[in-house]
2 protein chains.
Amino acid sequence: MQTYLDCVPCFVKQALDATRLASAEDDVAERVLRRVLEAAAHMRMDFPPPFMGRTIHRIIRDETGSADPYAALKQKSTQTALRLAGAVERRIENASDPFEAAVRYAIAGNVMDYALASNWDVDKIDNCFDEALSKPIDFDAVRSLEESVSTAARILYIGDNAGETVFDRILIQRFPAGTVTYGVKGSPIINDATREDAEDAGIDRVAHIIDNGNDAPGTILDLCSALFRDLFGEVDVVIAKGQANLETLNRCNREVFFLAQVKCPVIGRDLNAQVGDWIVNLYRPEVSITASEVSLAVEVER
Amino acid sequence: MQTYLDCVPCFVKQALDATRLASAEDDVAERVLRRVLEAAAHMRMDFPPPFMGRTIHRIIRDETGSADPYAALKQKSTQTALRLAGAVERRIENASDPFEAAVRYAIAGNVMDYALASNWDVDKIDNCFDEALSKPIDFDAVRSLEESVSTAARILYIGDNAGETVFDRILIQRFPAGTVTYGVKGSPIINDATREDAEDAGIDRVAHIIDNGNDAPGTILDLCSALFRDLFGEVDVVIAKGQANLETLNRCNREVFFLAQVKCPVIGRDLNAQVGDWIVNLYRPEVSITASEVSLAVEVER
């Protein structure tokens, strides 16, 4: 999707919050803010919001001198998720529909997101898992996902945040063995999972891991490695987690199952959903992205 | 006071909201946003926030082609205030302490502010007037104001928003006749009162009106006319309404009585107050503004 005017104040707010997570120094935050404002003044509104997200977090890493400001938060997320995992697996086993329950907990895990809120809130996490089995979701879409997965030879499961990865693993355990490749970021961006975070969650026990070769939130195919792009085009089923994947892949030219929590009113409007809704959505392309659009993105943003 | 980092996302949000009030066109809003972002990237953090407010609203007026985007909202505010005036005057007459009650309604009137919220909210206005007599305020400061006013030969009462002016008039009626000059903006800025708005509220029946010669929110003395600055320095008592006057005068070199509602957490922190608090505050200068600071401001901002 495009970037909306309402995204702009939110970018500036996120930049400030994220900088404060990485550094307590006001002069560092001021330098970040000025560079973000300058970049935002000239940003492309026809590109998805994660383009600007990438720019913001590159500036933050540069000015704070920290290659991975979210490293500690990611480890804490994974540890918290691993502690919850046993109870979640028992609830899934005891559910009337274990596949659906596993999908629900994979979406519940998407609460571990520090792009929009930079503070660790254990109550928010607990509440989200408490309501996992009762939250309204699209049953037909879940059935459609189950059927697609059961007959697939190759599945690409694109992860989102560290910690959430643990619940992705629990869902992937219900897919046919040996079918899944799990996509992670090429290098640190916000608290998104990298290869190391996925391994910490035990993803390597249930899937092959591929990194997408870049540091943008979501999946900007044009910035991904050729290997990742080929895989994305060739597999039988693609599953993509979280809002940033929705923002970057909901105009792509193949079918994608999206699993996400809606956290932003602009994306909600694009999806005809409300903030707080849980999304199981089978996206089907209407029009393909043209070659010229892709090359334009390469030219401006690489 | 200086501009804080937390002011910056708020500037961008306000710019977008205010533009939408003035124009329904997304391309206009995009041009405004880009210019505001560019200006904010190079703003002076050591200047009070209203400097940037002035820049933002100059950009909005320029891009929307509207010399006074808030004209209709200001008239609506004045009409609403005039309808409420009779009931308010009766409640003041019947109060155990009519002077204090008049101060309370003058502060209640400060709810008619469209700098931070661009939407007309009649419930918010009604609620504010309903609680006017029960809201906690500083009684000692009210007594101090009453004493100062009762013995003053010359009073400068610096107004804030259109509509609020009506309740300023009701308070001024309790001051010694012929003592008050009422300060307004030199030209339209947000919904701040200009000479015309003050006259619509009947201020000219109880006070001489002086405009400050500029279009910045609050009172940036350095941008005011020599006549206004001289008056500010010479009068026995200065009363200043609203947050923007607090932001711009709380480092000035004379005593000022501030009457305001606290609407922003950053200003609240500066005042040791909470959002929603009502302020009756006698400011006394600790250090004077130096001549070099003043000339710097002239050089950069005129």
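Residues numbered from 1 in each chain as written. Chains lettered and ligands numbered in written order. Predicted model: local features only at pLDDT ≥ 70, side-chain atom pairs only at ≥ 80, totals over all residues.

Some remarks on the interface of chain B and chain A
At step 1: In this assembly, 16 residues from chain B lie in contact with 16 residues from chain A.
At step 2: The set of elements that each furnish at least two residues to the side of chain B that touches chain A consists of helix H1 (7-22) and helix H2 (26-41) of chain B.
At step 3: The dominant element in the side of chain B that touches chain A, judged by the number of residues it contributes, is H2(B), at 9 residues. (Contact = placed C-beta atoms within 7 Å. Helix = DSSP H or I, 4+ residues; strand = E, 2+ residues; numbered from the N terminus.)

With respect to the environment of A:His57
At step 1: By the element assignment, A:His57 lies in helix H3 (residues 49-64).
At step 2: Excluding its chain neighbours within four sequence positions, the residues that come into contact with A:His57 are A:Ala18, A:Ile189 and A:Ile190.

Side note on the environment of A:Leu37
At step 1: Counting through the fold element by element, A:Leu37 comes out in helix H2 (residues 26-41).
At step 2: A tally of 24 C-beta atoms within 10 Å means that A:Leu37 is categorised as buried.
At step 3: Remark: the alpha-carbon pair of A:Leu37 and A:Val12, spanning 25 residues in sequence, is separated by 7.2 Å.
At step 4: A:Leu37 has contacts with A:Val12, B:Leu37, B:Ala40 and B:Ala41, leaving out every residue within four places of it along the chain. (Buried ≥ 20, exposed ≤ 12 C-beta atoms within 10 Å, placed from the backbone.)

Focus on unusual backbone geometry
At step 1: The phi torsion at A:Ile190 lies on the positive side, around 45°, for a residue other than glycine.
At step 2: With respect to the secondary-structure elements, A:Ile190 resides in the loop between strand E2 (180-184) and helix H9 (195-200).

Concerning the sheet that holds strand E5 (residues 256-261) of chain A
Residue and element names in this part refer to chain A.
At step 1: Reading across the sheet, the 6 strands line up as E3-E2-E1-E4-E5-E6 and stay open at both edges, with mixed pairing between neighbours. Edge strands, defined here as strands with exactly one partner in the open sheet, are strand E3 (208-211) and strand E6 (278-283). Ignoring strand direction, the axes of neighbouring strands in this sheet form an average angle of 20°.
At step 2: As judged from the 4 bridges shared by E2 and E3, these two strands associate in the parallel manner. Counted as the bridge partner of Gly183 is Ile210 from E3.
At step 3: Lying over the sheet, helix H7 (residues 139-150) contacts strand E1 (155-158), strand E4 (237-241), E5 and E6, oriented at roughly 55° with respect to E6.
At step 4: Seen against the sheet, helix H10 (residues 226-234) touches E1, E2, E3 and E4 and runs at an angle of roughly 125° to E3. (Pairing = 2+ DSSP bridges. Axes fitted to C-alpha atoms, helices over the stretch in contact; angles between N-to-C directions.)

Concerning the confidence of the model for chain A
Should the pLDDT be low somewhere, the predicted coordinates at that spot are not to be read in detail.
Residues and elements named next belong to chain A.
At step 1: Summing up the model confidence of chain A, the mean pLDDT is 92 and the portion of residues at 70 or higher is 93%.
At step 2: Low pLDDT, under 50, characterises residues 291-298; the predicted model gives this stretch 5 contacts beyond four residues in sequence or across chains.
At step 3: Scored by ipTM, the complex comes to 0.87, with pTM at 0.89. (pLDDT = per-residue confidence, 0-100.)

A word on the relation of the copies chain B and chain A
At step 1: Expressed as a screw operation, the relation of chain B to chain A combines 0.0 Å of axial shift with a rotation of 180°, fitting to an RMSD of 0.0 Å. On this basis, the relationship between the two copies can be described by a two-fold rotation axis.
At step 2: Here 100% of the contact residues of chain B are again contact residues in chain A; the copies associate through an equivalent surface. (Least-squares fit on C-alpha atoms with pLDDT ≥ 70 in both.)

Some remarks on helix H5 (residues 98-108) of chain B
Residue and element names in this part refer to chain B.
At step 1: For H5, the tally of buried residues reaches 8 of 11 residues, placing the bulk of the element in the interior.
At step 2: Where H5 is concerned, the buried positions are Ala101, Ala102, Val103, Arg104, Tyr105, Ala106, Ile107 and Ala108.
At step 3: Next to the buried residues of H5 lie helix H4 (71-94), helix H6 (122-130), helix H7 (139-150), helix H8 (164-172), strand E5 (256-261) and strand E6 (278-283).

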